[in-house]
Amino acid sequence: GSEMCIRDRLCLLLQRGVTRMIFDEVAKRKGLSHETAYKYVNGVMDTIRIVLLQNDEVEIGGFGTFTVVTDLKGKRTPVFEAGQVLKDVVNSQGG
């Protein structure tokens, strides 16, 4: 059911260059094969999606929090709020 839907969405995202760049960057920075980097990043992304589907939140220390909000019409939307450490890092780089 929902797990297949998650994988289909990931496949659509992989067709976009930005997502591919994440896998490439992880592989390069950590000295991993592209396949191994894909498995690690994919595992994290799948876990975040599954937890959000269960209406839980995902907090990644120093990075931020993923939550789901529901509007008055019942539409659920994933939301990311950057943590203070991430905000500080981004703002210290001079834009």
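Residues numbered from 1 in each chain as written. Predicted model: local features only at pLDDT ≥ 70, side-chain atom pairs only at ≥ 80, totals over all residues. Heavy atoms only, no water.

*Asks:* So what's going on with the overall build of the chain? Which residues, and what values?
*Replies:* Counting its regular elements, the chain contains four helices and three strands. Ordered by position in the sequence, the α and β elements of the chain form the string α-α-α-β-β-β-α. Here the chain holds 95 residues, and 21% of them are scored as buried. Across the chain, contacts joining residues at least 24 apart in sequence account for 21% of those joining residues at least 6 apart. When the accessible surface of the chain is summed, it comes to about 7,200 Å², and 57% of that surface belongs to carbon and sulfur atoms. (Helix = DSSP H or I, 4+ residues; strand = E, 2+ residues; numbered from the N terminus. Buried < 20%, exposed > 50% of the residue type's maximum accessible area, 1.4 Å probe, protein only. Contact = heavy atoms within 4.5 Å. Areas by Shrake-Rupley, 256 points an atom, 1.4 Å probe, with all protein chains shown as cover.)

*Asks:* Account for the pairing of strand β3 (residues 76–82), naming residues and giving values.
*Replies:* Here seven bridges tie strand β2 (residues 64–70) to β3, and the two strands are oriented antiparallel to one another. Pairing of valine 68 across the sheet is with proline 78, part of β3. Linkage of β2 to β3, two consecutive antiparallel strands, is achieved through a turn of five residues, within which glycine 74 is found at a positive phi near 90 degrees. (Pairing = 2+ DSSP bridges.)

*Asks:* Could you give an account of the pattern of salt bridges, naming the residues involved and the relevant values?
*Replies:* By the definition in use, this model includes four salt bridges. As a salt-bridge pair, arginine 29 and glutamate 25 come within 2.7 Å of each other at their nearest N and O atoms. Remark: glutamate 25 and arginine 29 occur in helix α2 (residues 17–30); sequence separation between them is four residues, near one turn of the helix. For arginine 29, a relative accessible area of 64% corresponds to the exposed category. Across the pair lysine 39 and glutamate 35 runs a salt bridge whose closest N-O atoms are separated by 3.3 Å. Of this pair, lysine 39 and glutamate 35 both sit in helix α3 (residues 34–53), four residues apart, which is roughly one turn of the helix. (Salt bridge = Lys/Arg side-chain N within 4 Å of Asp/Glu carboxyl O.)

*Asks:* Hey, could you go over the sheet that holds strand β1 (residues 58–60) for me, with residue numbers and the actual values?
*Replies:* Here we have three strands laid out as an open sheet, ordered β1-β2-β3, and antiparallel in their pairing. Each having just a single partner strand, β1 and β3 make up the two edges of the open sheet. If you compare each strand with its neighbour and ignore which way they point, the axes differ by 25 degrees on average. Pairing analysis gives three bridges linking β1 to β2, with the strands arranged antiparallel. Among the inter-strand pairings, isoleucine 60 is bridged to a residue of β2, identified as glycine 64. On top of the sheet, α3 reaches β1, β2 and β3; it is set at about 35 degrees to β2, its chief contact. (Axes fitted to C-alpha atoms, helices over the stretch in contact; angles between N-to-C directions.)

*Asks:* Tell me what's going on with the layout of surface pockets, and back it up with residues and numbers.
*Replies:* Sizing a probe to match a water molecule and rolling it over the atoms shows the empty space that remains. Volume-wise, the second largest pocket comes out at about 370 Å³. Taken together, Ile22, Val41, Val44, Met45, Ile48, Ile60, Phe63 and Phe66 form the lining of the second largest pocket. Element by element, the count of residues in the lining of the second largest pocket is highest for α3, at four residues. Of the residues belonging to the lining of the second largest pocket, the class tally is eight nonpolar, no polar and no charged. (1 Å grid on protein atoms, 1.4 Å probe; cavity = no way out; pocket = protein on both sides within 12 Å on 5 of 7 lines; lining within 4 Å. Points joined across faces, edges and corners; volume = space filled by probe spheres on them. Nonpolar A, V, L, I, M, F, W, Y, C, P; charged D, E, K, R; others polar.)

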